[in-house]
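Architecture at a glance
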Amino acid sequence: MRIVIVDDDRLVCSSLKVILEMDSEIKVDAVGNDGSEAITLYEKYIPDVLLMDIRMATMSGIEAAEKILAKHKNAKILFLTTFSDDEYIVKALKIGAKGYLLKQDYDSIQPALKAVSIGQSVFGSDVVTKLPDLMQKKKEFPYEVYQLTKKEYELLTMVAEGLSNKEISDAMFLSEGTVRNYLSNLLLKLDVRDRTQAAIFYYKQMQ
């Protein structure tokens, strides 16, 4: 897996490069220190994953990601930042970033990179717990477009709120086995791998 690291803290860049390359499956093609450099490096290397900070001096990571994704819609961008800022989280979802991690979740960076490289979305636990509140009073989810039944849509909203299968079965008056069947069909219709990706998909549609 080839990655590019962009962070305005040069020490963070060099430390991440050393640590990540201890994994034989990861190769750091280049490091950069601002958003404009991220665009240049992405064009040059077309990495499997761009690991990027958000707050940077000349151009933010959000701005850089928007420009990259406008040209490379399949670009896999994982934000790594110190800030659990509500506005940044919403913008990251809206532009199509594949993940948003906080730097203090250090042990999650390596597995997150691998998950993002194969198309999964990865948002840190602190971020995921914020999503229901951040997305209140947004537009209605277009469930008919995805051929979801009303029960599947109801289940999706509960998954997005973080409810377990047991909690969903109690709320919908269904057996846990039936809930699992509904969930399997739901994941298939939305073309996502798991309930976390289903929740992220739901919130992205609400933007």
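Structural data are supplied above this passage.
Residues numbered from 1 in each chain as written. Predicted model: local features only at pLDDT ≥ 70, side-chain atom pairs only at ≥ 80, totals over all residues. Heavy atoms only, no water.

Within the protein, the secondary structure is distributed over 11 helices and 6 strands. Counting over 207 residues, the protein shows a buried share of 47%. The contacts in the protein between residues at least 6 apart in sequence include a share of 62% that link residues at least 24 apart. Carbon and sulfur atoms provide 50% of the accessible area of the protein, an area that totals close to 10,500 Å². (Helix = DSSP H or I, 4+ residues; strand = E, 2+ residues; numbered from the N terminus. Buried < 20%, exposed > 50% of the residue type's maximum accessible area, 1.4 Å probe, protein only. Contact = heavy atoms within 4.5 Å. Areas by Shrake-Rupley, 256 points an atom, 1.4 Å probe, with all protein chains shown as cover.)

On to unusual backbone geometry, then. Trans peptide bonds make up most of the peptide bonds, and negative phi angles are found at most residues other than glycine. Positive phi is not limited to glycine here, since I46 has a value of about 45 degrees. Notably, F173 is not glycine yet its phi reads approximately 55 degrees, a positive angle. Summarising the element assignment, F173 is placed in the loop between α9 (165-172) and α10 (176-190).

With that out of the way, let us pick up the packing of helix α8 (residues 150-160) against α9. Running from amino to carboxyl end, α8 crosses α9 at an angle of 135 degrees, the nearest separation of the two axes being 10 Å. When the interaxial angle is binned, α8 and α9 end up oblique. As for the relative orientation of α8 and α9, their crossing is right-handed in sense. Packed against α8, whose contacting residues are K151, E154, L155, M158 and V159, the element α9 presents I168, A171 and M172 at the interface. A per-class count over the contact of α8 with α9 returns 6 nonpolar, no polar and 2 charged. (Axes fitted to C-alpha atoms, helices over the stretch in contact; angles between N-to-C directions. Parallel < 35°, antiparallel > 145°, perpendicular 65-115°, else oblique. Left-handed = near helix turned anticlockwise from the far one by under 90°. Nonpolar A, V, L, I, M, F, W, Y, C, P; charged D, E, K, R; others polar.)

The next point concerns the environment of A75. Along the chain, the position of A75 falls in the loop between α3 (61-71) and β4 (77-81). Judged by its relative accessible area of 3%, A75 is buried. Residues A75 and D48, 27 residues apart in the sequence, show an inter-C-alpha distance of 7.8 Å. The contact partners of A75, leaving out residues within four places of it in the chain, are Y42, I68 and L69.

What follows is about the sheet that holds strand β1 (residues 2-6). Sheet architecture is open: 6 strands sit in the order β2-β1-β3-β4-β5-β6, paired in parallel fashion. Edge positions in the open sheet fall to β2 (27-32) and β6 (122-123), since each of these has one partner strand only. Pairing geometry for β1 and β2, over 5 bridges, is parallel. In the sheet register, I5 faces β2, and the bridge partner there is V31. (Pairing = 2+ DSSP bridges.)

A word on the pattern of salt bridges. In total, this model carries 10 salt bridges according to the counting rule given. A salt bridge links K103 to D7; the shortest N-O distance between them is 2.7 Å. Of this pair, K103 sits in the loop between β5 (99-102) and α5 (109-117) while D7 is found in the loop between β1 and α1 (10-20), placing the two residues 96 residues apart along the sequence. We note that K103, like D7, is buried. For K114, the salt bridge is made with D23, and the minimal N-O distance between the two is 2.7 Å. (Salt bridge = Lys/Arg side-chain N within 4 Å of Asp/Glu carboxyl O.)

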